[in-house]
Amino acid sequence: AFPFSLRFLTPFKFHFLVCICLFCEVEGQNLATDNVSVIEGEMATISCRVKNNDDSVIQLLNPNRQTIYFKDVRPLKDSRFQLVNFSDNELRVSLSNVSLSDEGRYVCQLYTDPPQEAYADITVLVPPGSPIIESREDVVSEGNETELTCTAIGSKPAASIRWMKGEEELTGETTVEETYDRMFTVSSRVRFSVTKEDDGVPVDCIIDHPAVKDLLAQRHLEVLYKPEVKIVVTYPEGLTREGDNLDLTCIAEGKPHPHQINWLRVDEDVPPHAVVTGSDLYIENLNKSYNGTYRCVASNAVGEAYDDYILYVYDAPTTIPTPTTNPVNTQDSRAGEGAPQKIDHAVIGGVVAVVMFAILCALIVLGRYFARHKGTYFTHEAKGADDAADADTAIINAEGGHNNTDEKKEYYI
């Protein structure tokens, strides 16, 4: 009821008031729905909801405006649509085995005057097939560049591709191709240089797509690298001295395994009686003429590498040598850096000679001192006796004689 008489309204004002009232009624019922994303082959659910419904009829239409459900009745002959719930406030319908042809805008319609509509867009997601990873070459040598390509076929929307080499993320070049059926094929290519540390490292092509998780392809790198060489002293454990034997072992690892190991002496010939057995070098009865740098060279299909051992032969010990924990012989992996430590016997001999010389000088000085004092004593006793005819006269003529012995006394300390 209006609070005033309609006879006071002009026709224009009357129609305007009716429109306002109808608008209030429609807005008060609040029809709503939601967009739906569904993976191809799975089930989608559409919900038409009404707030404050005044017994108006709810129906659901497909993208072609065909009625799927009118209240709880399904006029459309498609059994994939099933009624989930019907009440005054909701019409909920499920669609099973969704395909790309089901994608589009569905309409929730409320029979009012004028009718209300709300729209639910169904998006069908198509996961890509298993990714395919390919390499330009199966085996690559260290220092060279390799190229990998990963392809994800038939997805909707287009997938994205990431690369991982171990724990390191790589950046690839991506291309996207759309096919006639609204599907996408994505390819990504990555290039990088390899080192020997990359041998056996996994490279992952990871696919990111809203319809699938944890989809990847993996390939392990196979890297060829030149040998790594190390010389190990098998005998002796300490210093190498004249008369000792020397036994060296060359350890070489590479991919492929080294096919050749050679021993040589840098700038000189190997001693004639040295024995080389495989990776071992044996020299017996060492002497100083064997001093020098001994090198082990290993090679494979990729290249060659070497390690050096510097031999320094010490004098044979004359006494029991003091055990040493730090061998003087040194090894160098390339240039033979570092020289053996040499004990300077000349310095020790010089110190001993200086000490002996000092002792001798001290003895000479003391001898002269004692000799001087002793001579003065005898001269004093014989003073005035040089002119005496005999011993008795010399004693009488001596200065002071025996009569003065009490007044003048001499002490010799």
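As named in an unreviewed UniProt entry, the protein is Cell adhesion molecule 1, taken from Sphaeramia orbicularis. According to the UniProt record, the Sequence similarities (unreviewed entry) comment for the protein is "Belongs to the nectin family."

Visitor: Can you explain the overall build of the protein? Please cite residues and give values.
Guide: Secondary structure assignment for the protein yields three helices and 26 strands. Relative to its full complement of 413 residues, the protein shows a buried share of 32%. For the protein, the share of sequence-separated contacts (at least 6 apart) that also reach a separation of at least 24 residues comes to 61%. Only carbon and sulfur atoms are counted for the fraction: they give 54% of the accessible area of the protein, which is about 25900 Å².

Visitor: How would you summarise the sheet that holds strand β9 (residues 116-125) if you had to cite specific residues and measurements?
Guide: Strand order in the open sheet formed by five strands is β2-β9-β8-β4-β5, with mixed pairing between adjacent strands. At either margin of the open sheet sits one strand with a lone partner, and together these are β2 (36-39) and β5 (67-70). On average, each strand axis in the sheet is inclined to that of its neighbour by 20 degrees, with strand direction left out of account. Examined bridge by bridge, strand β8 (residues 104-110) and β9 share seven bridges and lie antiparallel to one another. When the sheet's bridge partners are listed, L110 is paired in β9 with Q116.

Visitor: Outline the environment of V212, supporting the account with residue identities and numerical values.
Guide: You can see V212 is positioned in strand β18 (residues 212-220). In the structure, V212 is positioned 84 residues away from P128 in sequence and 8.2 Å away in space, judged by C-alpha atoms. Leave out the neighbours within four places in its chain, and V212 touches P127 and P128.

Visitor: Residues and numbers for the state of the cysteines, please.
Guide: Within this structure, the stated rule accounts for three disulfides. What pairs with C48 in a disulfide is C108, and their sulfur atoms sit 1.8 Å apart. What sets the handedness of the C48 and C108 disulfide is the S-S torsion sign, and at about -70 degrees it is left-handed. With C48 in strand β3 (residues 44-50) and C108 in strand β8, the pair connects residues that are 60 residues apart, well separated along the chain. This pair shows no difference in class: C48 is buried, exactly as C108 is. Between C150 and C205 runs a disulfide, and the two sulfur atoms are separated by 1.8 Å. Taking the sign of the S-S torsion, about -75 degrees here, the bridge from C150 to C205 comes out left-handed. Highlighted residues: C150 in strand β12 (residues 145-155) and C205 in strand β17 (residues 202-209), separated in sequence by 55 residues. C205 gets classed as buried once you look at its relative accessible area, which sits at 0%. Here the bonded cysteines of the protein are numbered in sequence order, and their pairing is 1-2, 3-4, 5-6.

Visitor: Would you mind going over the sheet that holds β18 in detail, with residue names and values included?
Guide: Overall, antiparallel pairing links the four strands, which are arranged β14-β13-β17-β18 in an open sheet. The sheet is open, and its two borders are formed by β14 (168-170) and β18, each paired with just one other strand. Across the sheet, the mean angle from the axis of one strand to that of its neighbour is 30 degrees, orientation sign disregarded. Pairing analysis gives seven bridges linking β17 to β18, with the strands arranged antiparallel. In the strand pairing of β18, D204 is matched with Q218.

Visitor: A description of the pattern of salt bridges should follow, citing residues and the corresponding values.
Guide: Summed over all chains, the structure comprises 23 salt bridges. For K165, the salt bridge is made with E168, and the minimal N-O distance between the two is 3.7 Å. Given the relative accessible area of 12%, K165 is considered buried. When its relative accessible area of 41% is taken as the criterion, E168 is described as partly exposed. Between D199 and K255 there is a salt bridge, with the nearest N and O atoms lying 2.9 Å from each other. Pair noted here: D199 is in the loop between β16 (184-193) and β17 and K255 is in strand β20 (residues 246-255), with a separation of 56 residues, a long-range link. The exposure class assigned to D199 is partly exposed, which follows from its relative accessible area of 24%. Because the salt bridges share partners, they merge into one network encompassing R136, E137, E147, E173, R189 and R191.

Visitor: Account for the packing of aromatic side chains, with residues named and values stated.
Guide: The tally for this structure, following the rule as stated, stands at two aromatic pairs. Ring geometry for F70 against Y111: centres 5.9 Å apart, planes inclined by 70 degrees, an arrangement best described as edge-to-face. Of this pair, F70 sits in strand β5 while Y111 sits in the loop between β8 and β9, and the two are 41 residues apart along the sequence. Ring centres 4.7 Å apart and planes at 65 degrees place the aromatic pair Y312 and Y314 in the edge-to-face group. Assessed through its relative accessible area of 18%, Y312 is described here as buried. A residue is classified by how much of its surface remains accessible, and Y314, at 8% relative accessible area, is buried.

Visitor: Kindly report on a nonpolar patch on the surface, identifying the contributing residues and their values.
Guide: A surface patch of nonpolar side chains, amounting to about 740 Å² of accessible area, comprises V347, I348, V351, V352, V355, M356, I359 and L363. Residue position: V352 is located in helix α2 (residues 345-381).

Visitor: Outline the UniProt feature "transmembrane region" (unreviewed entry) in the protein, listing residues and values.
Guide: Using the residue numbers shown here, the UniProt feature "transmembrane region" (unreviewed entry) corresponds to residues 346-366. Within the segment residues 346-366, helix and strand shares are 100% and 0% respectively, and the terminal C-alpha atoms sit 31 Å apart.

What counts, and at which threshold
- Residues numbered from 1 in each chain as written.
- Predicted model: local features only at pLDDT ≥ 70, side-chain atom pairs only at ≥ 80, totals over all residues.
- Heavy atoms only, no water.
- UniProt positions renumbered as here; feature names shortened; annotations may be inferred.
- Helix = DSSP H or I, 4+ residues; strand = E, 2+ residues; numbered from the N terminus.
- Buried < 20%, exposed > 50% of the residue type's maximum accessible area, 1.4 Å probe, protein only.
- Contact = heavy atoms within 4.5 Å.
- Areas by Shrake-Rupley, 256 points an atom, 1.4 Å probe, with all protein chains shown as cover.
- Pairing = 2+ DSSP bridges.
- Axes fitted to C-alpha atoms, helices over the stretch in contact; angles between N-to-C directions.
- Disulfide = S-S within 2.5 Å.
- Salt bridge = Lys/Arg side-chain N within 4 Å of Asp/Glu carboxyl O.
- Phe/Tyr/Trp six-rings, centres within 6.5 Å; stacked < 30°, edge-to-face > 60°.
- Patch = residues over 30% accessible without salt bridge, like charges linked within 9 Å, V, L, I, M, F, W, Y side chains within 5 Å.

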